[in-house]
Amino acid sequence: MTARIGSISSMVNRIVLILLGAFFSAHSIAQMTDPGLPPNLPHNKALVLTGFAVNKPVQVLDIDDASQGFPKAIARRLMRERQVQVRTSPDLLSFDWQQDHPPVNLLQQLGQTYASRYIVSGEIRNAGTKIDTNLFGLTQKRTRAIELDVRIYDARTGQLLAQQEFSNTVAGNVSIGREHTFDGAAFNSTLYGKTISDMLDQVASLVSATVLAQH
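Residues numbered from 1 in each chain as written. Predicted model: local features only at pLDDT ≥ 70, side-chain atom pairs only at ≥ 80, totals over all residues. Heavy atoms only, no water.

Q: Explain the side chain of Thr210 here, please?
A: Mapped onto the elements, Thr210 comes out in helix 5 (residues 191-212). Classification of Thr210 by relative accessible area gives buried; the value is 10%. Setting aside chain neighbours within four positions, we find Thr210 in contact with Ile152, Leu161 and Ala162. (Helix = DSSP H or I, 4+ residues; strand = E, 2+ residues; numbered from the N terminus. Buried < 20%, exposed > 50% of the residue type's maximum accessible area, 1.4 Å probe, protein only. Contact = heavy atoms within 4.5 Å.)

Structure (structure tokens):
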């Protein structure tokens, strides 16, 4: 009787281990794909967005994690379109805070690591505030720029497929506040945050159109 109980217990343990293994295997696969994407989406439409370089970090101290916030916000927009597979990398596609043309082997390695044919990188070139005062210094006018440089590469060949600069200027209350989650409701309720959000829509459209145009 005792042997039979032990046999049953051993069998139950094996079943539990099999189920756990299946769960973690499925979870790992799910982590490498995007939720809600069509299962027949072509693999050659996969892309990875790297962290954005920041030309002058002191200019974005009031923005929550700008370097990672920009690419993640673009990724969310692309995922909503459900036309490309999207991944993000926390690393910058440069060896410093400036964006230069990366070597081909670096692009190929990144593409293999994230199983992506395309790599999207960017640089926040300017997010500075300018203060103008009148002749007697009684009034002030604040303006703040936002300038992005976005590049899209073919990871296999290292070819630069697209490069575009985006820029805009906002006047008035131009601060955001690090307490506001990047691209969140409070973030976008600010004048400067809404301007960034609109620009990210444009960037996402560029990325989508570039990738979908490739064969």
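Q: Sorry if this is basic, but what is going on with the confidence of the model for the protein here?
A: Should the pLDDT be low somewhere, the predicted coordinates at that spot are not to be read in detail. Here the protein averages 82 in pLDDT, while 76% of its residues score no lower than 70. Note that residues 2-39 has pLDDT below 50 and, in this model, 11 contacts with residues that lie over four places away or in other chains. (pLDDT = per-residue confidence, 0-100.)

Q: Looking at this structure, how should I read the packing of helix 2 (residues 66-81) against helix 5?
A: Each pair of packed helices can be described by the angle between their axes along with the distance between the axes. Look at helix 2 against helix 5: their axes get within 9 Å of each other, and the N-to-C directions meet at 60°. Considering the angle they form, helix 2 stands oblique to helix 5. Crossing of helix 2 against helix 5: the hand is right-handed. Of helix 5, the residues touching helix 2 (which contributes Phe70, Ala73, Ile74, Arg77, Leu78 and Glu81) are Ile196, Ser197, Leu200, Asp201, Val203, Ala204, Val207 and Ser208. Among the residues forming the contact of helix 2 with helix 5, the class breakdown is nine nonpolar, two polar and three charged. (Axes fitted to C-alpha atoms, helices over the stretch in contact; angles between N-to-C directions. Parallel < 35°, antiparallel > 145°, perpendicular 65-115°, else oblique. Left-handed = near helix turned anticlockwise from the far one by under 90°. Nonpolar A, V, L, I, M, F, W, Y, C, P; charged D, E, K, R; others polar.)

Q: Mind showing me how you'd approach unusual backbone geometry here?
A: Phi is mostly negative for residues that are not glycine, and the peptide bonds are mostly trans. A positive phi angle, near 60°, is found at Arg82, a position not held by glycine. Residue placement: Arg82 occurs in the loop between helix 2 and strand 3 (85-92). We classify Arg82 as partly exposed; its relative accessible area is 41%. The phi dihedral of Ala115 falls on the positive side, at around 45°, and the residue is not glycine. Along the polypeptide, Ala115 turns up in the loop between helix 3 (104-113) and strand 4 (118-126).

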